[in-house]
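Fold and contact review
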Amino acid sequence: MRKIVLGLGISLDGYIARPNGAVDFLFMPKDYSMGPFLATIDTAMMGRKTLEVVLKMSGGSYNNYGMATFVFSRSQPAGEREGYTITHESPASL
C-alpha cells in the first residue's frame, strides 16, 4: 500500500479560500522553500477549480515539479494536458 501525505493550505477557521474564492492568505513574504517537501511526493491530485486558480496565479502554465498530476473534473474532457491529466475517476478508484 502506498503512503498518502496530505499537503493543504488552509486558514485557521478551516477554509481553503475566502468566501469570494480568494487565496491571498496562503502567501507570506518569507520564502518557505517547498522544494524539500515536494521532492518527497511522486503524485499530486487536485480538483478542477484548484487547477484553475493555480493556472491563473502562474500565468497559464502548470509546473508539476516532476510529479504525475491528476485533476478531477466532471465538466472537462478526460485526457492528458501539458503537465497534468484530467480524469473522471473518483480519488478512491484512481
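To start, this report covers the structure provided alongside it.

**Side note on the layout of surface pockets**
Empty space within the largest pocket amounts to approximately 2,200 Å³. Considering the residues around the largest pocket, the lining is formed by 45 residues, among which Gly7, Leu8, Gly9, Met45 and Met46 are closest to the centre. At six residues, the largest contribution of residues to the lining of the largest pocket is made by helix H2 (residues 48–57). For the lining of the largest pocket, a count of residues per class yields 30 nonpolar, ten polar and five charged. When its volume is computed, the second largest pocket comes out at roughly 150 Å³. Lining the second largest pocket, in full, are Arg48, Lys49, Phe72, Ser73, Arg74, Ser75, Thr87, His88 and Glu89. Of the residues contributing to the lining of the second largest pocket, the split by class is one nonpolar, four polar and four charged.

Cut-off values and rules
- Residues numbered from 1 in each chain as written.
- Predicted model: local features only at pLDDT ≥ 70, side-chain atom pairs only at ≥ 80, totals over all residues.
- Heavy atoms only, no water.
- 1 Å grid on protein atoms, 1.4 Å probe; cavity = no way out; pocket = protein on both sides within 12 Å on 5 of 7 lines; lining within 4 Å.
- Points joined across faces, edges and corners; volume = space filled by probe spheres on them.
- Helix = DSSP H or I, 4+ residues; strand = E, 2+ residues; numbered from the N terminus.
- Nonpolar A, V, L, I, M, F, W, Y, C, P; charged D, E, K, R; others polar.

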